[in-house]
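Spelled out, the chains give:
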Amino acid sequence: MKRSLAAALLSFSVAACGGSVPPPRPAPSELPSDDGCTRDTLEPDFQSSPLQGPAVDAQGKLVPGTYIMSSTYLRMRNTQEAQEEFQQLMGPINQTLEEQPGLVAIQFGSSTRCNTKRTFTIWKDEESMYQFVGSPAHTQAIARVSLVSRGGTSVTSWQDDERGATWEKALQQLASETRPTY
């Protein structure tokens with residue numbers, strides 16, 4: 001699982017997960033805010049990795065239980081520098097996630113048309129999730145989110161059972177999120 005997880009992390013992962021960094025001002029060459037791409041709707045060309053992790057059964061379903069779930073939505077800047085920065089930040093994040101106690105499942109999604117990245121993580125408990133959020137790799141990514149995000153980046157978390165482990169539920173949660181975007 002570690003090889004496939006690492007490949008998925010590198011391909012689809014997202015670094016932004018809150019923080020106090022102000023949102024960047026988009027460059028004129030970036031997608032307009034009215035591009036039809038929103039945090040509460042899957043993009044027309046949305047592609048996702050399979051749900052994977054120690055609590056995923058042979059059919060790709062989350063085993064029954066109560067979990068803490070989290071989803072992020074990152075609107076990437078449309079520059080080569082932002083793409084390179086994102087990849088540099090993801091190396092340490094990928095390594096941390098592979099070894100993170102309490103991570104029970106993970107899934108990644110992205111859209112080329114909207115230049116967005118999404119994550120869906122499932123945790124044993126809130127403490128495990130916050131241990132990752134406070135990790136050096138993740139705090140560095142939070143501090144640099146303005147270099148990769150064009151604004152509108154959002155994060156949410158909630159408690160649910162295995163039936164809530166869907167992109168649709170993540171979209172509902174992101175839509176109702178009131179925390180600032182980045």
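For clarity, every value in this text was computed on a predicted model and none was experimentally measured.

*Asks:* Quick one: what's the story with the pattern of salt bridges, residue by residue and with numbers?
*Replies:* Considering all chains together, one arrives at 6 salt bridges under this definition. Close ionic contact of R144 with E85 constitutes a salt bridge, the shortest N to O distance being 2.5 Å. With a gap of 59 residues between them, R144 in the loop between α4 (136-143) and α5 (145-148) and E85 in helix α2 (residues 80-99) connect regions that are remote in the sequence. Overall, the relative accessible area of 13% leaves E85 in the buried class. Between E177 and R179 there is a salt bridge; the shortest N-O distance is 2.9 Å. On the accessibility criterion, E177 (14% relative accessible area) is buried.

*Asks:* So what about unusual backbone geometry? Which residues, and what values?
*Replies:* Here the phi dihedral of N115 falls at roughly 55°; this positive angle occurs in a residue that is not glycine. Relative accessible area serves as the criterion here: at 15%, N115 is assigned to the buried category.

*Asks:* I'd love a proper account of the nonpolar core, names of residues and values included.
*Replies:* F86, I93, L97 and W123 are the most contacted members of the largest nonpolar core, which has 18 residues in total. Within the residue set of this core, elements represented by two or more residues are β2 (66-75), α2, β3 (103-111), α3 (126-133) and α4. Ranked by residues supplied to this core, first place goes to α2 with 5 residues. In terms of nonpolar packing, the next biggest core, distinct from the first, is built from 15 residues, V56, L62, Y67 and I122 among them.

*Asks:* Go over α4, please, and point to the residues and values.
*Replies:* Listed as buried for α4 are A137, H138, A141 and I142. End-on, the buried residues of α4 take up no more than an arc of 135°, which puts them together on one face. Exposed residues on α4 whose side chains face more than 90 degrees from its buried face are P136 and A143. Looking at the buried residues of α4, the elements they touch are α2, α3 and α5.

*Asks:* Tell me about the environment of C37, residues and numbers included.
*Replies:* Examined against the element boundaries, C37 turns out to sit in the loop between α1 (2-12) and β1 (47-48). Setting aside residues no more than four positions away along its own chain, C37 makes contact with Y73, R113 and C114.

The rules we used
- Residues numbered from 1 in each chain as written.
- Predicted model: local features only at pLDDT ≥ 70, side-chain atom pairs only at ≥ 80, totals over all residues.
- Heavy atoms only, no water.
- Salt bridge = Lys/Arg side-chain N within 4 Å of Asp/Glu carboxyl O.
- Helix = DSSP H or I, 4+ residues; strand = E, 2+ residues; numbered from the N terminus.
- Buried < 20%, exposed > 50% of the residue type's maximum accessible area, 1.4 Å probe, protein only.
- Core = buried A, V, L, I, M, F, W, Y, C linked by side-chain atoms within 4.5 Å.
- Arc of directions from axis to C-beta.
- Contact = heavy atoms within 4.5 Å.

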